[in-house]
Each structure stands twice: as C-alpha cells, then as structure tokens.
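Overview (structure and organization)
In case you want the letters, here they are:
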Amino acid sequence: MAQFLLETVWLVPFYALVGGLLAIPWSPGIIRKTGPRPAGYVNLIMTLLAFVHSTTALQATWNYPPQEIFIPWLSTAGLDLTIALEISPISVGALVAVTGLNLLAQIYAIGYMEMDWGWGRFYSLLGLFEAGLCALALCNNLFFSYVILEILTLGTYLLVGLWFSQPLVVTGARDAFLTKRVGDLFLLMGVLGLWPLAGTWNYTELAEWAATADVNPTVIGLVGLALIAGPMGKCAQFPLHLWLDEAMEGPVPSTILRNSVVVASGAWVLIKLQPVLSLSPIVSSAMVGVGAVTALGASLIAIAQIDLKRCQSYSVSAYMGLVFIAVGVQQDEAALLLVLANAVSAALLVMSTGGIIWNSITQDVTQLGGLWKRRPISGIAFIVGSLGLIGFPPLGSFWALMELADGLWETRPWLVGIIIAVNALTAVSLTREFALVFGGKAQQMAQRSPEVHWPMMLPMMILLGFSLNLPFVLQSLSLLPDWANLNKDVALLLNWSSIFGCTITGVIYFSNIPKPIRLPWKGLQDLIAYDFYTPNIYRMTIIFTVAQISQFADMIDRFVVDGIVNLVGLFSLLGGESLKYSTSGQTQFYAFTVLLGVGVLGMWVSWPFWGVQFLELIF
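Residues numbered from 1 in each chain as written. Predicted model: local features only at pLDDT ≥ 70, side-chain atom pairs only at ≥ 80, totals over all residues. Heavy atoms only, no water.

As recorded in an unreviewed UniProt entry, the protein goes by NAD(P)H-quinone oxidoreductase subunit F and comes from Nostoc linckia z8.

Listed below in structure tokens is the structure:
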C-alpha cells in the first residue's frame, strides 16, 4: 500500500485543487440553502486525504532513491516544456509540512471565521494555495516553478483582499500583489536568460550543467541577480519586504500559512537554484548582503512595533534573511532546517496571538496585558513558539542556527556575529511581545478576553506538541549533528544570546520601569519605529517615478494618440460630407469617376517608364 501511494504521490496537489473547486459553489449567490459551512468541511476532508497520502508515502521514500516523473506538455521549435516531478524524501517531506499546516489552519479557521460571510471563497482560496505549494514542492522545472509562483501571487492578492469592503484590506492586497510582481518580473527575465546558457530548465540538469559550466561572468551574474529577485519578493527581503506587513490585513488563518510556508516558497526555489547561483561570486555576495541587511533591519524594526501582526511579520522577514545567507554560503541543509523550524514556530505564534485578535477590540500590544491568567494555554503556546524560533536548545531553530553558524565559524566569522545578533534581537522582540500581551496587569481592552474555543485550541495544541517533539523527528531523520562533534563555542554563543535577550527584556518589561521605553536619541527611535522610512523612500522614488511616467503616458494618449484618431475621424467625416453633396446618382458619372481613377493610377505606375523620356523631351 505504501509503495502504491509513493508511486501516486504526484496526485497530492489534486486533492487540494478538487477541494478548492468543490468549495466554489458555496460562494455567495450560488448555494444558499445549506449555508457556507459545507465548503469548509469538503475542503477539510480533501486536505486530510492529502496529508494521509503524503505521510504514508514519506515512510516509503527512505528505501528508494530519488526518482523523476516526466509529463510531456509542449515541444516545438527546439523548446521542450516537459513537466518534471521529483519524488524524494525532501520533496515528499515538504508535502507533509504543507498539507499538515494547511489542515491545522483550516481547522483553526472553522472557529476563527465561524460567522464570516466569505467562508466559501476563503476555503476555496486555501485549496488553491495548498495545490500550488504542493505542486511547487514536487516540481523539478524552473519554468513551471515560475508559473506556480505566479499563481501563488494571484492567490495572495485574492486571499488578502477577502474582506474587500474595507479600504485598508484593498490597499494591502494591491500593495502585496504589486510588490511581488516586481520580483516576479525580474525572475521571468532570469528564467528566459538562463535557457540560452544551459539549454534546460530541469533543476537536476541545471546542477549537472553548473558543475562544468564555463560562462561569461558578467552574463551569469546578471542572470543570477534576476533569478534571486523573485525569491526576494516571495521571502519579503529588502527592498521588497513591505508586502508581508501589508498582507497582514487578511484573515488570521491565512496568515498561518503565509508566515510559515508561503514565504518559504521563494526559499525553496532559491535552494533548488543554488548550484547555478554559486557560479557567480557577485550573486552569492548579493544574497548574503540582502539576507544580512534584512535580518538585522527587520529584527530591529520588530522591536519598535506596537501592532501584534507587524511584530511577527518582521520576525519572519528576519528569519528568511538567514535563509538567504545560508544559500549564499552554499549551506543548503542549514537553509532547509531554517525553513522547517520557521514554518512550525511561526505558525504556532500566529495561532497563539490570533485568538487575541479574534475576541479583542484591539491588536495594539500597548493596550493589552494581563492575559496570562485568562489565556494560559495561548500563553504557553506563545512561549514554545518563541523558544522554537530562537537558539534555545533543544528546540528546532537551535539546530538550524547551530549548523549555519558552525559552517561559518572558520571562514566568515563576521556572519556568525550577525546570526548571534539577529538571534538576540529576535529574543528581545518576542519577549517584549509576550510581556506586553500576557504579563502585567489587565488593561481595559484586555479585561474580557477569555480563552478561545476548541476549534482554535485543538490545532494549537497539536502544533505545540509537534514543536516540542521536532528534535526527535530531526534525530530520527539523522539531521541532527553528533554531540561529540558539536562546536561548543557556537552553541554557547547561541545559548547566551537567547538568554541575554530574554532576560534583559524580561527585566525591563516585567519591572516598574516607566513604559514605553524610549531610546536616548529620538531620531534613532523614529528611524526604527517608522521602518527605516522605507515607505517614505518608496513614495519619493518608485511611486513618484511611476506616477510621473503614468501622467506622461496619459498626456501622450490624450493629445497624440487620441489627436491622430480624432484627426482621421474628422477627415473621414469631411470626406463623407463632401461625397454626399458631390454624387449625382447617375451611372455615367460613376463610370467617369472610375475611369479617371484608373487613369491616374496607371499614370502613377508607369511614370518610371515614360516620365524620363517626357522630361528629356522638354529639356
């Protein structure tokens, strides 16, 4: 049975696709009698089937080497577009992570969106997301990976804009879509530019080509920079990082997927392309630079945020920055561990705080507090998620950060310093958030905030248990380093940075020190609080430039294009009016006109033959 499910594991994306299609009829205006709930239940059953299928297939992958499945699609004019699927422990494991997290998110949504009017459309879009992510996990072709990423970008726009009657939601969906489209456009250029160099888009063949490739450094550098632009947008990296913050206007259950696996879609493509990207030292340095700037910048920005969702969105950007560093230094295994650890911990944090947003009037952390007595289970889930996101042994992120820092200890110690600093800043941010939400005395906005009901509690508890058992899962997969060979210096640095960040922040926010905490220099505090003024820079540069170009194009359209069209229309009108008064209706007049026209045309055609003789005769 397991062998059969392994051979048919490529059907897993179709489970979610069928579930999404079956949920459409319950959208407003189609099926009304049963209410929208059947849409969620149908989608939930299909996701459960996909999870069981992929989990059973994962057990069978350990006894078999990776294999590829080829589905011919289009072959013409030397272009071969064959859908290549890779069946391996990593790809099937990614299926398990995607379907499992989506299953928990859908259960969570049953409670969170209990009375929401967009239930059917929401579950249908979740099915689209799951199908796209599962297809991306199996896809072994760069071109089709790009197509899938485009579908996910469209899904992000539709899912963020679910509550389209709210202006902020519409703005957030639009900004998220346009920002990701910028990266996708450059990615398309890189995809098309790579074909003449490698002659293939198959990831396996690209790796083989990259091992012996001899290409122009400038060309491969430009192609590589274009290829990393798409993952930069998907992973919310500087300067394409603002979309993740804007996307937080969408429903919290969709944020569970967005903060865990959707942002990892770009990292997945980046890891697959690592052999090609490593051909250019400039591209590798660019990935390290972008990752370092984003990781440090986003960690600092997260400390100064007061919105519950924004605090976590910037932490996700910082973590994806570490993934960029890992790929830039060619540590693919560390990058995969970082993606897995972030997916589990980020999803648990969103579930913990989602209930607070659900039954509280505000999501401003400065107006909350004292929720530990009222919501102890959510508080415990937040603690476990926070410890799983920082370098705290023995939870998952400790091993991921440990492997990354250990590989850089001898060659690039300055990057180890960045990893330690990001870990400490993340610990500060999450401890601050916990203290403001769960610690202290209950304020007016938090006096009536009971624990969530069971549809939201159940997935939270399941994910909490998996987070605690993630080290055992990694150990069973032989992904943990041997204790005897562990770099104890790196381990101590990670431990002490986590303890230092949590302790210092706990002392500040759990004591009687006046709050909010203000830095000695107000300019620095405003710089961090206002996202390093990135939105203002966007408005003064990109938005201003696009607005000016749009106005210029509008002037060209109105005065040049419309002017020419109106002029042609005017001549046609005048010609028609003149013909109306010049025609007599007599047959001989029409015949004379035709003969006159034929004569003039004949003279014009024959002019090169008799015109020269005529001129010679005159002169």
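The structure having been displayed, the exposition proceeds.
Below, the discussion takes up a nonpolar patch on the surface. On the surface, Trp10, Leu11, Phe14, Leu17, Val18, Leu21, Leu22, Ile24, Ile30 and Ile31 cluster together into a nonpolar patch covering about 820 Å² of accessible area. Topologically, Trp10 is positioned in the loop between α1 (2–7) and α2 (12–23). (Patch = residues over 30% accessible without salt bridge, like charges linked within 9 Å, V, L, I, M, F, W, Y side chains within 5 Å. Areas by Shrake-Rupley, 256 points an atom, 1.4 Å probe, with all protein chains shown as cover. Salt bridge = Lys/Arg side-chain N within 4 Å of Asp/Glu carboxyl O. Helix = DSSP H or I, 4+ residues; strand = E, 2+ residues; numbered from the N terminus.)

It is worth spelling out the packing of aromatic side chains at this point. This model, assessed by the stated rule, comprises 10 aromatic pairs. Ring geometry for Phe143 versus Phe144: centroids 5.4 Å apart, planes at 80°, classification edge-to-face. With respect to burial, Phe143 and Phe144 carry one shared label: buried. Ring centres of Phe143 and Trp201 lie 5.2 Å apart, and the angle between their planes is 20°; on these two criteria the pair is classed as stacked. In this pair, Phe143 is assigned in helix α6 (residues 142–160) and Trp201 in the loop between α7 (167–198) and α8 (203–212), connecting sequence segments 58 residues apart. For the pair Phe143 and Trp201, one class covers both residues: buried. Ring pairs connect the aromatic residues Phe143, Phe144, Trp195 and Trp201, which therefore count as one cluster. (Phe/Tyr/Trp six-rings, centres within 6.5 Å; stacked < 30°, edge-to-face > 60°. Buried < 20%, exposed > 50% of the residue type's maximum accessible area, 1.4 Å probe, protein only.)

So, about the pattern of salt bridges. Between side chains of opposite charge, a pair can form when the charged atoms approach closely. According to the stated counting rule, one finds three salt bridges in the structure shown. Between Lys272 and Glu86 there is a salt bridge, and its shortest N-O distance comes to 2.7 Å. Separated by 186 residues along the polypeptide, Lys272 in helix α11 (residues 252–272) and Glu86 in strand β2 (residues 79–87) bring together distant segments of the chain. Assigned by exposure class, Lys272 and Glu86 land together as buried. Across the pair Arg558 and Asp554 runs a salt bridge whose closest N-O atoms are separated by 2.8 Å. Taken as a pair, Arg558 and Asp554 lie in helix α22 (residues 534–582) at a separation of four residues, close to a single helical turn. Looking at Arg558, the relative accessible area reads 41%, which means it is partly exposed.

With that out of the way, let us pick up the layout of surface pockets. Its boundaries defined by the atoms lining it, the largest pocket holds a volume of some 1200 Å³. Around the largest pocket, the lining is made up of 39 residues, and of these Gly93, Ala94, Val96, Ala97 and Leu340 lie nearest the centre. Secondary-structure elements contributing two or more residues to the lining of the largest pocket are α3 (37–61), α4 (89–112), α5 (119–138), α11, α15 (332–358) and α19 (454–476). The element that contributes the greatest number of residues to the lining of the largest pocket is α4, accounting for 11 residues. By residue class, the composition of the lining of the largest pocket is 31 nonpolar, six polar and two charged. (1 Å grid on protein atoms, 1.4 Å probe; cavity = no way out; pocket = protein on both sides within 12 Å on 5 of 7 lines; lining within 4 Å. Points joined across faces, edges and corners; volume = space filled by probe spheres on them. Nonpolar A, V, L, I, M, F, W, Y, C, P; charged D, E, K, R; others polar.)

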